[in-house]
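Secondary and tertiary structure notes
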Amino acid sequence: MIEVLDPGALTTIQDLGRPGWAHLGVPRSGAADPRSLRLANRLLANPGDAAALETTLLGPRLRLEVDAAVAITGAVVEARAGDRPVPMNAPVYLCAGQTLELGAASAGLRTYVAVRGGLDCKLTLGSASTDILTGLGPRPLRRGQRLAIGPTPAAFPDVDVAPIPALELEPRLGIVFGPRADWFSAAARRALTAAVYTVSDTSNRIGLRLLGPELSRVRDGELGSEGMVAGALQVPPAGNPILLLADHPTTGGYPVIAVLATADLPVAGQLRPGQRLRFREAPGGGRIR
């Protein structure tokens, strides 16, 4: 077991989510940065979808009740086990009784803490993920909680350290225009790929509210509800886009001017309030005429 001494700012249990339930209004949810979650599990020879912890900005303090191997990936943090520094992106072996403490993220927003064997959690619709929109899955971590560790996998870790590029301070995210790009002026579509946007402090796992040039429409009225996907760029009447993330609603009525390239979803999941970003047209995304 692992005892939660301090839960941090917002620490949740995440795996790769619960796909296939959108017709019932249930988002996929799962890790906001699935690439980092998969890496943490790979470093420990866990299945790629094993449940782990996702921290937000400020990490937790955890006490291990058994010997265990852990891996920390994602947003850059200073981690310690007692007076011993714990490196990121590498398997680390800790002894029973040691306390693992994660500090504040210096780059990125969400850090992943995996344990060899994964976290043994009750599944809801096939997933252990915490969904802050619907309330499905376990509650965010709380002080005094004890987390069970799953069975040790048969495979053994075979990677000492993973070389990971630094997170970009001002990333340029690929988009594909549509499905409702025709609701916007050509000037608005050009502005989307030319301007700098800033992540609002009202953002969360549901979506990033972006501050920047307002995207003007050429049509009046509103759409009926349509299906939504992670990475959709919805534009409310005020004109500031919202980039949907892991816990996004499955339907929405605001027109979607563009959708984020799948490869850039993990990058979006690491954007923090106040951070600047740009958009670029992804290859094959079509041209603005």
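So, here is what we can say about the structure in this document. (Residues numbered from 1 in each chain as written. Predicted model: local features only at pLDDT ≥ 70, side-chain atom pairs only at ≥ 80, totals over all residues. Heavy atoms only, no water.)

**Quick look at the overall build of the protein chain**
Broken down by element type, the protein chain carries 3 helices and 20 strands. Against the globule reference of 19 Å for 289 residues, the protein chain gives a C-alpha radius of gyration of 20 Å, in line with a compact fold. Each principal axis of the C-alpha distribution contributes one length, and for the protein chain these read about 65 × 35 × 30 Å. Taking all 289 residues of the protein chain together, the buried fraction comes to 50%. Residue pairs at least 24 apart in sequence account for 76% of intrachain contacts in the protein chain once pairs closer than 6 positions are excluded. When the accessible surface of the protein chain is split by element, carbon and sulfur atoms take 54% of a total near 13,000 Å². The averaged location of the 26 negative side-chain charges in the protein chain is 4 Å from the averaged location of its 30 positive side-chain charges. (Helix = DSSP H or I, 4+ residues; strand = E, 2+ residues; numbered from the N terminus. Rg over C-alpha atoms; globule rule 2.2 N^0.38 Å. Buried < 20%, exposed > 50% of the residue type's maximum accessible area, 1.4 Å probe, protein only. Contact = heavy atoms within 4.5 Å. Areas by Shrake-Rupley, 256 points an atom, 1.4 Å probe, with all protein chains shown as cover. Lys, Arg positive; Asp, Glu negative; His and termini not counted. Charge placed at Lys NZ, Arg CZ, Asp CG, Glu CD.)

**Brief notes about the sheet that holds strand 7 (residues 84–86)**
The strand order across the open sheet formed by 6 strands is 7-6-9-4-1-11, and the pairing between neighbours is antiparallel. In this open sheet, the two strands that pair with only one neighbour each are strand 7 and strand 11 (146–147). For strand 6 (residues 79–81) and strand 7, the ladder comprises 3 bridges, and the chain directions are antiparallel. Note on strand 7: the bridge partner recorded for Ala81 is Arg84. (Pairing = 2+ DSSP bridges.)

**A closer look at helix 2 (residues 186–194)**
Since the α-helix turns once every 3.6 residues, residues separated by three or four places project in the same direction. Burial in helix 2 covers these residues: Ala188, Arg189, Leu192 and Thr193. Considered in projection along helix 2, the buried side chains sweep an arc of 130° and stay on one side of the axis. Check the buried side of helix 2 and you find it contacts strand 12 (172–177), strand 13 (197–199), strand 16 (232–234), strand 19 (256–260) and strand 20 (276–281). (Arc of directions from axis to C-beta.)

**Side note on helix 1 (residues 34–43)**
Looking only at helix 1, the buried set comprises Ser36, Leu37, Leu39, Ala40, Asn41 and Leu43. Contact partners of the buried residues in helix 1: strand 2 (12–14), strand 3 (52–56), strand 5 (68–76) and strand 10 (107–115). Looking at the residues trailing helix 1, positive phi occurs at Ala45, about 65°.

**Quick word on unusual backbone geometry**
In this structure, the amide linkage connecting Gly178 to the following residue, Pro179, adopts the cis form with an omega of 10°. Tracing the backbone through its elements, the reader meets Pro179 in the loop between strand 12 and helix 2. Positive phi outside glycine occurs at Ala45, with the angle close to 65°. Position of Ala45 relative to the elements: it lies in the loop between helix 1 and strand 3.

**Points about the pattern of salt bridges**
Applying the stated criterion to the full structure yields 11 salt bridges. The salt bridge involving Arg205 is made with Glu54; its shortest N-O contact spans 2.9 Å. With a gap of 151 residues between them, Arg205 in the loop between strand 13 and strand 14 (207–211) and Glu54 in strand 3 connect regions that are remote in the sequence. Residue classification places Glu54 among the buried residues on the basis of a relative accessible area of 0%. Residues Arg280 and Asp264 are paired through a salt bridge, measuring 3.7 Å at the closest nitrogen-oxygen approach. Pair noted here: Arg280 is in strand 20 and Asp264 is in the loop between strand 19 and helix 3 (265–268), with a separation of 16 residues, a long-range link. One continuous salt-bridge network, built from bridges that share partners, spans Glu54, Arg110, Arg205 and Asp247. (Salt bridge = Lys/Arg side-chain N within 4 Å of Asp/Glu carboxyl O.)

**Points about the sheet that holds strand 2**
Spatially, 2-3-10-5-8 is the arrangement adopted by the 5 strands of the open sheet, whose pairing is antiparallel. Lying at the two open borders of the sheet, with one neighbouring strand each, are strand 2 and strand 8 (92–94). The average undirected angle you get between the axes of adjacent strands in this sheet is 35°. Pairing between strand 3 and strand 10: 4 bridges, direction antiparallel. (Axes fitted to C-alpha atoms, helices over the stretch in contact; angles between N-to-C directions.)

Nothing here speaks to function; it is geometry throughout.
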